[in-house]
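Coordinate inspection notes
Letter by letter, the chains look like this.
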Amino acid sequence: MEGLGTTLGLFALTLLISLPLGLLICSMRMSRILPVRWVAELYILIFRGTPLMLQLIFFFMGLPLLFPGWVMGRFTAAVVAFGLNYAAYFAEIFRGGIQSIPRGQYEAAQVLGLSRSQRFFRIVLPQVVKRVIPPVGNEVVTLVKDTALVYAIALSDLMREAQVIMMRQNNLNAFIAAGLFYLIMTSIFTVIFNAIEKKLDYYKI
Amino acid sequence: MAILEVRDVYKSFDGVEVLKGIDLCIEQGSRVAVIGPSGSGKSTLLRCMTGLTDIDAGTLVIDGQTVASTQEGRAVYIRENERKAAQAKLGMVFQNFNLFPHLSVLENITLAPRCVLGRSREESAARAMELLDRVGLAAKANNYPGELSGGQQQRVAIARSLAMDPQILCFDEPTSALDPELTGEVLKVIKSLASETMTMVIVTHEMGFAREVADHVVFMDEGEILSEGTPEEVLIHPKEERVRAFLDKMLNI
């Protein structure tokens with residue numbers, strides 16, 4: 001059951017890193033300073049454009065080849081790869097949300113004398129949250145299942161443990177248990193995100 | 001006394017000249033209607049006045065304070081905070097209302113007085129209720145904009161502008177996005193403001209309304225002011241052929 005802890009830990013830490021990092025990269029991606037924007041664009045290109053498994057293997061095995069002596073533990077490498085990868089997706093989701101807010105909203109706020117930060121935090125952000133909840137929920141559910149990819153660097157997560165037990169016991173029990181666990185996790189998050197959506201449904205756009 | 005002066009203002013977007021040397025003087029307490037065909041630069045002029053768009057060249061004077069002036073062929077604005085203070089004297093009502101959908105009607109009106117003027121919740125709410133009463137929507141204070149008709153939304157937008165105590169209220173085609181049967185209620189509210197000696201600049205396609213409410217009419221075409229004067233002079237006995245042609249087209253629909 002240690003594998004369960006690994007899966008849950010990886011899941012939680014990935015969200016903890018990728019959500020704020022995604023916001024940062026999103027703001028860089030929308031920066032007026034071109035080089036800053038280029039950095040963010042390159043980041044998104046790389047992390048969205050290559051397989052997560054490739055990134056996982058790179059951080060665990062590739063980096064030590066580049067910098068001999070610099071070794072990351074399996075779990076750390078997994079957290080870094082997942083965090084950086086998901087941040088790229090969240091950055092693009094946030095950007096879509098921010099850009100979907102009509103210009104008239106900014107203009108009305110500006111004419112009323114609201115400062116830049118007031119415009120963002122009082123007018124734009126609350127509306128962005130409502131718009132990005134469905135795609136963010138989608139990513140979170142995907143992440144629950146993506147954690148199983150860590151088998152590529154031989155990290156003992158729920159999936160891998162289930163496989164080992166299955167081979168040992170020569171039956172499907174552990175395998176079914178693992179499947180049920182993923183199902184329960186994704187169901188819980190689906191329910192949570194539906195509830196948030198419903199709570200934000202007090203106004204129509 | 002002129003509360004707003006626009007002198008020799010130029011503005012282009014991507015090489016297309018939208019304003020070609022606009023001169024306009026708006027007297028305190030006057031009600032100016034700006035008319036003219038689509039794309040003639042009416043809305044851009046309004047946006048330049050309210051600070052939503054920066055002018056390329058020319059002079060902008062608000063209530064005696066020069067906000068922008070031409071130096072070496074380009075308009076230079078005064079310091080950001082001074083400019084903000086001067087432009088706060090202008091309110092704006094948009095064609096598409098632009099109410100904040102996530103805030104209730106009351107919050108839409110109280111947000112800026114609280115955030116910008118630092119008024120208390122109670123004070124701003126009391127004032128908001130007064131304004132809502134004036135536009136006939138006191139009963140909708142706790143509704144959200146999405147639950148209101150277009151006409152009601154525009155009336156809330158007017159109340160929201162008034163809450164900031166502007167000296168000049170600008171209307172950018174306030175009824176163009178409304179169903180014909182809803183324009184009446186909005187025009188009625190604007191008319192009631194007109195009788196309260198508020199300075200108003202109204203970009204509109206409603207010729208009858210312009211004639212009734214305005215004491216000064218400005219006709220714009222292709223980025224220039226072609227004609228201006230009393231409604232009588234511009235709308236009833238237009239001297240310019242171009243104005244006459246436009247009015248004929250507008251009135252013969």
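Note that the structure is a prediction, hence the values are computed from the model and not measured.

Moving on: the pattern of salt bridges. Between side chains of opposite charge, a pair can form as their charged atoms come close. If you walk through the whole model with that rule in mind, you get 17 salt bridges over all chains. Note that A:E107 is salt-bridged to A:R103, the shortest N-O span being 3.1 Å. Here A:E107 and its partner A:R103 are both found in helix α5 (residues 103-111), four residues apart, which amounts to about one turn of the helix. Salt-bridge contacts for B:R155 lead to B:E185; the nearest nitrogen and oxygen are separated by 2.3 Å. Placement of B:R155 in helix α5 (residues 150-162) and of B:E185 in helix α6 (residues 180-194) is noted, with a sequence separation of 30 residues between them. The class of B:E185 is partly exposed, set by a relative accessible area of 25%. Taken together, the salt bridges that share partners define one network made up of B:R119, B:R127, B:E130 and B:D165.

Now for the interface of chain B and chain A. Tallying the contact residues gives 21 residues for chain B and 21 residues for chain A. Taken over both partners, the interface formed by chain B and chain A buries close to 1,900 Å², and the fraction arising from carbon and sulfur atoms is 65%. The largest share of the area that chain B buries against chain A comes from B:F100, B:P101 and B:H102, three residues that together contribute 29% of it. Summed over the shared surface of chain B and chain A, the number is one salt bridge. Here B:R47 ties to A:E107 by a salt bridge, and the two come within 2.7 Å at their closest N and O atoms. Along the contact surface separating chain B from chain A lie nine residue pairs in polar contact (both at pLDDT 80 or more). Those elements that provide at least two residues to the side of chain B that touches chain A are β7 (90-93) and α3 (105-115) of chain B.

Glancing now at the packing of aromatic side chains. All chains considered together, the criterion is met by 13 aromatic pairs over all chains. For the ring pair A:F120 and A:F121, a centre distance of 5.2 Å and an interplane angle of 85° mean the geometry is edge-to-face.

Another aspect to go through is empty space enclosed by the protein. Residue and element names in this part refer to chain B. One pass over the full model with this rule turns up one cavity of 30 Å³ or more. No other element matches α5, which puts three residues into the lining of the largest cavity. Grouping the amino acids of the lining of the largest cavity by side-chain chemistry returns six nonpolar, one polar and one charged.

As a further point, take a nonpolar patch on the surface. Nonpolar side chains collect at one region of the surface, where A:L172, A:F175, A:I176, A:L180, A:L183, A:I184, A:I188, A:I192 and A:I196 lie side by side and expose about 790 Å² of accessible area between them. For A:L172, the location among the structural elements is in the loop between α7 (158-169) and α8 (173-199).

As a general point, the strands of a sheet are linked pairwise by backbone hydrogen bonds and lie either parallel or antiparallel. All names here are of chain B. Taken together, six strands build an open sheet; the order of strands is β7-β8-β9-β3-β10-β11 and the sheet is mixed. Here the strands that pair on one side only, and so sit at the sheet edges, are β7 and β11 (224-229). Neighbour-to-neighbour, the strand axes of the sheet open up by a mean angle of 20°, direction not taken into account. Relative to strand β9 (residues 199-203), strand β8 (residues 168-172) runs parallel, the two being bridged by five bridges. When the sheet's bridge partners are listed, L169 is paired in β9 with M200. Against the sheet, helix α1 (residues 42-50) touches β3 (31-35), β7, β8, β9 and β10 (216-221), its axis set at about 140° to β7.

Glancing now at the environment of B:Q71. Residue and element names in this part refer to chain B. Tracing the sequence through the fold places Q71 in strand β5 (residues 65-71). Exposure remark for Q71: the relative accessible area of 47% places this residue in the partly exposed category. Taking the C-alpha atoms as reference points, Q71 and T59, separated by twelve residues in sequence, lie 9.9 Å from one another.

Put simply, the largest pocket is a space of about 1,400 Å³. Forming the boundary of the largest pocket are 41 residues, of which A:R32, A:Y106, A:Q110, A:R116 and A:R119 lie nearest the centre. Secondary-structure elements contributing two or more residues to the lining of the largest pocket are α1 (2-29), α4 (74-99), α5 and α6 (116-146) of chain A together with α1, α2 (80-87) and β7 of chain B. For the lining of the largest pocket, a count of residues per class yields 18 nonpolar, eleven polar and twelve charged.

What follows covers α1(B). Along α1(B), eight of the nine residues are buried, which leaves the element largely enclosed by surrounding structure. A positive backbone phi angle near 90° is found at B:G51, which sits one or two residues after α1(B).

Here we come to the packing of α5(A) against α6(A). Helix packing for two helices is described by the angle between their axes and how far apart those axes are. Residues and elements named next belong to chain A. Orientation of α5 relative to α6, taken along the N-to-C sense of each, is 155°, at an axis distance of 10 Å. In terms of axis orientation, α5 runs roughly antiparallel to α6. The handedness of the crossing between α5 and α6 is right-handed. Contacts from Q105, Y106, A109 and Q110 of α5 reach α6 at R119, I123, V124 and Q127. Split into classes, the residues belonging to the contact of α5 with α6 amount to four nonpolar, three polar and one charged.

Reading guide: rules and limits
- Residues numbered from 1 in each chain as written.
- Chains lettered and ligands numbered in written order.
- Predicted model: local features only at pLDDT ≥ 70, side-chain atom pairs only at ≥ 80, totals over all residues.
- Heavy atoms only, no water.
- Salt bridge = Lys/Arg side-chain N within 4 Å of Asp/Glu carboxyl O.
- Helix = DSSP H or I, 4+ residues; strand = E, 2+ residues; numbered from the N terminus.
- Buried < 20%, exposed > 50% of the residue type's maximum accessible area, 1.4 Å probe, protein only.
- Contact = heavy atoms within 4.5 Å.
- Buried area = accessible area lost by both parts, 1.4 Å probe.
- Polar contact = N/O pair within 3.5 Å; in protein donor to acceptor, adjacent residues only side chain to side chain.
- Phe/Tyr/Trp six-rings, centres within 6.5 Å; stacked < 30°, edge-to-face > 60°.
- 1 Å grid on protein atoms, 1.4 Å probe; cavity = no way out; pocket = protein on both sides within 12 Å on 5 of 7 lines; lining within 4 Å.
- Points joined across faces, edges and corners; volume = space filled by probe spheres on them.
- Nonpolar A, V, L, I, M, F, W, Y, C, P; charged D, E, K, R; others polar.
- Patch = residues over 30% accessible without salt bridge, like charges linked within 9 Å, V, L, I, M, F, W, Y side chains within 5 Å.
- Areas by Shrake-Rupley, 256 points an atom, 1.4 Å probe, with all protein chains shown as cover.
- Pairing = 2+ DSSP bridges.
- Axes fitted to C-alpha atoms, helices over the stretch in contact; angles between N-to-C directions.
- Parallel < 35°, antiparallel > 145°, perpendicular 65-115°, else oblique.
- Left-handed = near helix turned anticlockwise from the far one by under 90°.

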